[in-house]
Amino acid sequence: MVATEEEPISVSAAFQAEEDDELASKERILLKYFLIEWSIVKSILDDVVSARRFSDLSAAYKIRSIMDKYQEQGQLVEPYLERIVSPLMLIVRTRTAELGVNSVEILELLKPICIVLYSLVTVCGYKSVLKFFPHQVSDLELAVALLEKCHDSGAAKALRQESTGEMETKCITLLWLSILVLIPFDISSVDTSIANDNYAGRDELPPLVMRILGLCKDYLSNAGPMRTMAGLLLSRLLTRPDMLKAFTSFTDWSHEVLSSIEDTVGDHFRLLGVVEALAAIFKAGSPPVLLNVVPILWNDTSALMKSPTAARSSLLRKYLVKLTQRIGLTCLPHRLPAWQYVSSSSILGESISSKVKQDSDRESHSVNIESCNVSEDTSCLEEEQMDVPEILEDIIELLLSGLRDTDTVVRWSAAKGIGRVTSRLTYCLSDEILSSVLELFSTGEGDGSWHGGCLALAELARRGLLLPVSLSKVVPVIVKALHYDIRRGPHSVGSHVRDAAAYVCWAFGRAYSHRDMKTVLEQLSPHLLTVACYDREVNCRRAAAAAFQENVGRQGNFPHGIDIVNTADYFALSSRANSYLHVAVRIAQYDGYLYQFVNELLQSKICHWDKVLRELSASALAALVKYEPDYFANTILERLVPCTLSTDLCMRHGATLAAGELILALNEHNYVLSEDKQKIAAGIVPAIEKARLYRGKGGEIMRYAVSRFIECIARAQIYLTAKVKRSLLDAINENLRHPNSHIQNAAVEALKHYIRAYYLSADGKEINDILSKYLEQLADSNVAARRGSALALGVLPFEFLVKGWKSVITKLCSSCEIEENPGDRDAEARVNAVKGLIFVCETLTEDEKLSGYFNGEDVVSLFLLIRNEVMNSLFKALDDYSTDNRGDVGSWVREAAMDGLEKCTYVLCKRDSIEQVKRSVSEIHKNDCSDSGAINAYFDSILANKIVGSIIKQAVEKMDKLRESAARILRRILHNETTFVPHIPEREVLQCMVPSEANIKLGVASCSFPSFVQLLKFSCYSKYLVSGLVISIGGLQDSLRKASLGALLDYLQSVETENHDDSRVFSLSEDILWVLQQYRKCDRIIIPTFKTIEILFSKKILLNMKDQTSIFCSGVLDSLVTELRGSKDFSKLYAGIAILGYIASILDPINVRAFANLLNFLAHRYPKIRKSAAEQVYLVLLQNGSLVADDKVDEAVEIITETCWEGDAEEAKNRKLQLRDMANVVTSNVVGKEGRDEPKKVMDQTPKTADENALYSSLVGSAGF
């Protein structure tokens, strides 16, 4: 009842809020919804206004970080500008007036404020912010003095991530001056310094102006944003009516700068600043004044444009092009041409067609295309003659050359200049400019010219300067630009051209009325949608879709326009595969697009330089078959077949793939090819082989395409002659032997379908020949042949495998093992053997075929073979830790083996369930149950324990990928709904530990180890777990070691209520001893196990277990004697010495034995080992004084500390003997000594001239020390 009562209240409140929003003003809505951080900004501003300063610089940085989020959406901040800018500028103005510019703290007070103001300028633009600056006359001198103060202060030298605020203060002050110099009074009348200086009146510039000019000239040489602000200030100051002398002075100085070019960094930035300032001046100045300096500045500009300096700087060329167009605009009268096209309105459907009729009169008045049509001698296009300045031709020529520039910013500026200059010319002159622009699209021009031409056409269209009468010349050019793609080596250029061409189409939609665009849109829309669906670049696809959407929205009732726009939206086109295979297919159902799409795929995409795009294009072509199968079978297929033998690699690769996909798609849509076409399709691969296209460059690419083609024709059941069958099978077998894994996988997939399509009805001899060939290749010396044959056996059908299933399984089991000859070892071959073995087992145990080909004894033999041989082979594969220069390549085998264990588990469990049902039926019909127990279960608790334990071991080892894979497999086994896996020990605990939810991240170490380590309390899993856990704890990866060790320590330190506190430690010690015995002389396990023991000893674990401590330490010592004897592994020796030190430090009889072994290392042949052993002996003597007599402890410590153990080996040996005599150690009982006898005998056989230092040098060289 509470919910039902509250719901109407909330709904009514929502309606009330909506009604308030409708009645509220636009500014109120913006303030309410858009700047979501406004409350934070407002609270900071309130504090600043109340304190009249920023108390903390971090508050300014906070506001700036908020504003930076709106860099691309500045309009969302604009409603708040007045509330932010006005109070901050008021503080700047009042505090500067109060404290004075000479105050020490004035800049530190203003810097945080200017940081905030400058962030608003970068987000919203200076024009929006400048409107809220104060502009009282009295502020002019104050702002100039403040700028001089900022200019004189040195920049901060400290390297800081955050801005110090000096640059922002200068920019804001320059921006403030740019509005203050617009005061409607003579500046000399407000300059108070005139009274103190010898001012000569109108013959000289006011001192205040001189100060501003001096500062601006300095800032024009700056590389930062102050240069732009200084140019803006100069443009507003020098274009004042009373600043003619200052303007003349500045232009003379500019002429000197432009004519004297030097190749220094400072001069380059000054040159940029001067050209930018002149461009700003020509934008704001009065033409009568500017015309006096045009000849001089134009000569300088044209000369500078041809100089090497401009060739090196794209920014300078951009400013020069901008200055050039504004010089041209100054020379031309400001006029609105009568011939300019003016669209009546934007039309959104035929429902408002009446409005078109109402506006037709006005449209005819602006440009009466109906009456003038293409005749240029009619009244509407006949205009008065105008005087064209002589330099205008040079200006237009420079702008046209700018359209060919190598940089986009220059081309864009030149395009806008073309549009602006054309808007002041007559129709005849504008038509000449259009002809010149269209010349940029000639064949000999580069991609830059095409891009610049598209930008220029877009500008002309947007400004109404491209009349509909000229569209017939423009549209074919735009169509070519939409498909512009020029290959250059291994890549192509043209994406920027296609993007600009889409922009032109977008501009057409906004500029022209529906009547004028109807025919044009019918021509452009298929090409726009082709680019939107099939372009390689996502920005081009989205640009073309946006242009189409703009035209649909503004040009009225376009057929299926809304449906297409909804299909080809912004997000649907983000994925190339989705655009090709789904968006294009849905659009192709509408009239007028299918043939255009097919032609684009055939002419441009299946021969594209990008291999991935060719493969995708073949699939896209096949996806269109359903609309018109006859057309594809009779026309497209005939066009593709000759291309499969093309000399161009890209063309023949794409054509081969497309032909195969096309044949398969036709078959899927129940279209039967004629016998002639089937014969042609069957001859494609033999023709490729006859042309020897497998060889040379691109042979691998063609092998993949041929394998895919064979797969497609096999699935389509194309008729093949016996000769062609053998030829295609030989081609598949050849690809199976290829070392490239992609080619092998394609060949395996082709073989899978090919055998089932053409060889299932073959005689026994052919089947035996194929089977025996693959079995022989399992022992081939060529590793690629072994890889391919193993996978090939895995995909053979049941009818093939049943002929020799025992030999197949046996040989695949042998191939899973590591090869005896190191030269023949190949991890990929073993991986493929494991995969093939699993596929064979799954194929042979198919229920529907098993009873038809096997008798009862064979079925039992098959499943016993799987239970014994196959399972044992998979368990051996789980112990494959082989490595090469690529790293732990055995992990690939282990991952495949885990997957195989899971699948074989399901196979055995299914068979057990079937046998159980049969026995139950037999017991019902027969009361005699004597034979019911004759057949034992294939899957029992012992096998289940071993499988789960082996997977758990992988789940706690060092590789993240294997841990995640093991956890997923264990989850599927425990929670499989199709096949229940019985006999799993502690099933309930495991199910709680590994839940069925897939979102549990058991591959993450911090999540998996705390869960799996709890299995240490169960003896059935503890040994598996410890054997994997020691690898993670004793490994090299620090994060993994921390996670695994932390989980183990938490487990050991948790208190159990039922058992004794040390029971977990006892069981852990037993498991560690088992690991040391099980993996004897296996450094991969022994070394991390020693490191784990060392870490646990350092945590005081395993040393306080009462009677168990002696047993554990004795077992560890026995292992150390065996493992360290003759070892050259430094990490192993270091860990062993540390363990000996810990054992020797405990108060137990075992310490004497450990200490005796530790003393032996003092005479080791490696100096670093002697030093490490000495450090341990020193620590032992400090902690356990019972090993040496009390009166000899000091002497023993002195020997340890004062002997150079990295020095002479003979001296170290003598010192060791002294320490042994001091210790309570009997030489005959020292086990470690026995470990040195055999090496000593071996060394005695070596020449006595052998130098120990030489041996050590060789060791250092090999070990990297």
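Colleague: Help me understand the overall build of the protein chain, please; the structure alone is not making it clear to me.
Modeller: The helix and strand tally for the protein chain stands at 62 helices and 2 strands. Sorting the 1265 residues of the protein chain into buried and exposed places 52% on the buried side. Long-range pairs, those at least 24 residues apart, make up 72% of the contacts in the protein chain between residues at least 6 apart in sequence. For the protein chain, the accessible surface area stands at approximately 58,400 Å², while carbon and sulfur atoms represent 51% of it.

Colleague: What is the right way to read the packing of helix α31 (residues 611-623) against helix α33 (residues 649-668) from this model?
Modeller: Helix-helix packing: each pair is described by the crossing angle between the helix axes and the interaxial distance. Remark: α31 packs on α33, axes separated minimally by 8 Å, with the N-to-C direction vectors making an angle of 30°. By the angle class used here, α31 and α33 are roughly parallel. Considering how the two elements wind past one another, α31 and α33 form a crossing that is right-handed. Contacts from Lys611, Arg614, Glu615, Ala618, Ser619, Leu621 and Ala622 in α31 reach Cys650, His653, Gly654, Leu657, Ala658, Glu661, Leu662 and Ala665 in α33. Of the residues contributing to the contact of α31 with α33, the split by class is 8 nonpolar, 3 polar and 4 charged.

Colleague: When you look at a negative patch on the surface in this model, what are you seeing that I'm missing?
Modeller: A cluster of acidic residues, Asp1190, Asp1191, Asp1194, Glu1195, Glu1198 and Glu1202, forms a negative patch at the surface. Assignment of secondary structure puts glutamate 1198 in helix α59 (residues 1193-1202). Judged by relative accessible area, which is 42%, glutamate 1198 ranks as partly exposed.

Colleague: Could you clarify how one ought to interpret the side chain of arginine 652 in this entry?
Modeller: Along the chain, arginine 652 turns up in helix α33. Although buried, arginine 652 forms no salt bridge, and the nearest oppositely charged side chain, aspartate 648, lies 6.6 Å from it. The contact partners of arginine 652, leaving out residues within four places of it in the chain, are Cys643, Thr644, Leu645, Ser646, Thr647, Leu693, Lys697 and Met702.

Colleague: What is the right way to read the packing of aromatic side chains from this model?
Modeller: According to the stated counting rule, one finds 25 aromatic pairs in the structure shown. An angle of 70° between the planes, with centres 5.0 Å apart, marks the rings of tyrosine 534 and tyrosine 580 as edge-to-face. Highlighted residues: tyrosine 534 in helix α26 (residues 514-534) and tyrosine 580 in helix α29 (residues 576-587), separated in sequence by 46 residues. Residue class for tyrosine 580 comes out buried when judged on its relative accessible area of 0%. In textbook terms, an aromatic cluster arises when at least three aromatic residues are bridged by ring pairs, as seen for Tyr534, Tyr580, Tyr593 and Phe597. The lysine or arginine in question, arginine 542, covers the ring of tyrosine 570, its NZ or CZ lying 3.7 Å from the ring centre. Positioned above the aromatic ring of tyrosine 881, the side-chain terminus of arginine 1084 is 3.3 Å from the ring centre.

Colleague: Quick question: what am I supposed to make of the pattern of salt bridges here?
Modeller: Close approach of charged atoms lets side chains of opposite charge pair. Here the structure, examined in full by the defined rule, presents 60 salt bridges. The shortest N-O distance in the salt bridge between arginine 53 and glutamate 105 comes to 3.8 Å. Of this pair, arginine 53 sits in the loop between α3 (38-51) and α4 (57-68) while glutamate 105 is found in the loop between α5 (81-99) and α6 (106-124), placing the two residues 52 residues apart along the sequence. The exposure class assigned to glutamate 105 is partly exposed, which follows from its relative accessible area of 36%. Salt-bridge contacts for glutamate 550 lead to arginine 554; the nearest nitrogen and oxygen are separated by 2.3 Å. Placement of the pair is glutamate 550 and arginine 554 together in helix α27 (residues 538-554), with a separation of 4 residues, close to one helical turn. Each member of the salt-bridge network shares a partner with another, and the members are Arg787, Asp826, Glu828, Asp884 and Arg886.

Colleague: Is there a simple way to think about the environment of aspartate 858 in this case?
Modeller: Tracing the backbone through its elements, the reader meets aspartate 858 in helix α45 (residues 856-877). The sequence separation of aspartate 858 and lysine 806 amounts to 52 residues, and the corresponding C-alpha distance is 10.0 Å.

Colleague: What exactly am I supposed to notice about helix α8 (residues 139-152) here?
Modeller: Residues spaced three or four apart along an α-helix face the same direction, because each turn holds 3.6 residues. Between its terminal C-alpha atoms α8 stretches 20 Å, which fits the 20 Å expected from 14 residues at 1.5 Å a residue. Where α8 is concerned, the buried positions are Asp139, Leu140, Leu142, Ala143, Val144, Ala145, Leu146, Leu147 and Cys150. Check the buried side of α8 and you find it contacts α5, α6, α9 (166-180) and α10 (207-219).

Colleague: Can you help me understand the environment of tyrosine 1178 in this one?
Modeller: Within the fold, tyrosine 1178 resides in helix α58 (residues 1167-1183). Accessibility expressed as a relative area gives 29% for tyrosine 1178, which makes it partly exposed. The sequence separation of tyrosine 1178 and threonine 1201 amounts to 23 residues, and the corresponding C-alpha distance is 7.8 Å. Look past the residues within four positions of tyrosine 1178 in its chain and what remains in contact with it is Val1197, Ile1200 and Thr1201.

Colleague: In this structure, what is going on with the packing of α4 against α6? I would like to understand it.
Modeller: Between α4 and α6, the least distance of the axes is 9 Å, while the angle of their chain directions is 5°. Our classification of the angle between α4 and α6 gives roughly parallel. Residue-level contacts link Leu57, Ala60, Tyr61, Ile63, Arg64 and Met67 of α4 to Pro112, Ile115, Val116, Ser119, Leu120 and Val123 of α6. Its residues assigned to classes, the contact of α4 with α6 comprises 10 nonpolar, 1 polar and 1 charged.

Colleague: Could you clarify how one ought to interpret the environment of isoleucine 66 in this entry?
Modeller: With respect to the element layout, isoleucine 66 can be found in helix α4. Residue classification places isoleucine 66 among the buried residues on the basis of a relative accessible area of 3%. For the pair isoleucine 66 and isoleucine 36, spaced 30 residues apart in sequence, the C-alpha to C-alpha distance is 9.7 Å. If near-sequence neighbours (up to four positions away) are discounted, isoleucine 66 is found in contact with Glu37, Ile40 and Val41.

Colleague: Just to check I follow, could you spell out the confidence of the model for the protein chain for this structure?
Modeller: Close reading of the predicted structure is inappropriate where its pLDDT is low. On average, residues of the protein chain score 85 in pLDDT, and 87% of them are at 70 or above. Across residues 928-935, where pLDDT falls below 50, the model places 5 contacts with residues more than four positions away in sequence or in other chains. pLDDT under 50 marks residues 1227-1265. Its contacts with residues more than four places away, or in other chains, come to 29 contacts.

Colleague: Looking at this structure, I do not really get unusual backbone geometry. What am I missing?
Modeller: What you tend to see is this: most non-glycine residues have negative phi, and most peptide bonds are trans. At arginine 52, a residue that is not glycine, the phi angle is positive and equals roughly 60°. Relative to the elements of secondary structure, arginine 52 occurs in the loop between α3 and α4. In this model, leucine 1102 sits at a positive phi of 80°, which is unusual for a non-glycine residue. Locating leucine 1102 in the fold gives a position in the loop between α54 (1083-1098) and α55 (1107-1124).

Colleague: Is there a simple way to explain helix α40 (residues 783-795) in this structure?
Modeller: Across its 13 residues, α40 extends 19 Å between first and last C-alpha, which sits within 8% of the 18 Å expected from 1.5 Å per residue. In terms of burial, α40 is a largely internal element, 12 of the 13 residues being buried. Listed in full, the buried residues belonging to α40 are Ala784, Ala785, Arg786, Arg787, Gly788, Ser789, Ala790, Leu791, Ala792, Leu793, Gly794 and Val795. Those residues of α40 hidden inside the fold are in contact with α37 (722-736), α38 (741-758), α39 (764-777), α41 (798-801), α42 (805-815) and α43 (827-844).

Colleague: Just to check I follow, could you spell out the side chain of lysine 1216 for this structure?
Modeller: Residue placement: lysine 1216 occurs in helix α60 (residues 1209-1222). On the accessibility criterion, lysine 1216 (9% relative accessible area) is buried. In this structure lysine 1216 touches Leu1159, Asn1160, Leu1162 and Ala1163, once residues within four positions along its chain are discounted.

Procedures and definitions
- Residues numbered from 1 in each chain as written.
- Predicted model: local features only at pLDDT ≥ 70, side-chain atom pairs only at ≥ 80, totals over all residues.
- Heavy atoms only, no water.
- Helix = DSSP H or I, 4+ residues; strand = E, 2+ residues; numbered from the N terminus.
- Buried < 20%, exposed > 50% of the residue type's maximum accessible area, 1.4 Å probe, protein only.
- Contact = heavy atoms within 4.5 Å.
- Areas by Shrake-Rupley, 256 points an atom, 1.4 Å probe, with all protein chains shown as cover.
- Axes fitted to C-alpha atoms, helices over the stretch in contact; angles between N-to-C directions.
- Parallel < 35°, antiparallel > 145°, perpendicular 65-115°, else oblique.
- Left-handed = near helix turned anticlockwise from the far one by under 90°.
- Nonpolar A, V, L, I, M, F, W, Y, C, P; charged D, E, K, R; others polar.
- Patch = residues over 30% accessible without salt bridge, like charges linked within 9 Å, V, L, I, M, F, W, Y side chains within 5 Å.
- Salt bridge = Lys/Arg side-chain N within 4 Å of Asp/Glu carboxyl O.
- Lys, Arg positive; Asp, Glu negative; His and termini not counted.
- Charge placed at Lys NZ, Arg CZ, Asp CG, Glu CD.
- Phe/Tyr/Trp six-rings, centres within 6.5 Å; stacked < 30°, edge-to-face > 60°.
- Lys NZ or Arg CZ within 6 Å of the ring centre and 35° of its normal.
- Expected span 1.5 Å × (residues − 1).
- pLDDT = per-residue confidence, 0-100.

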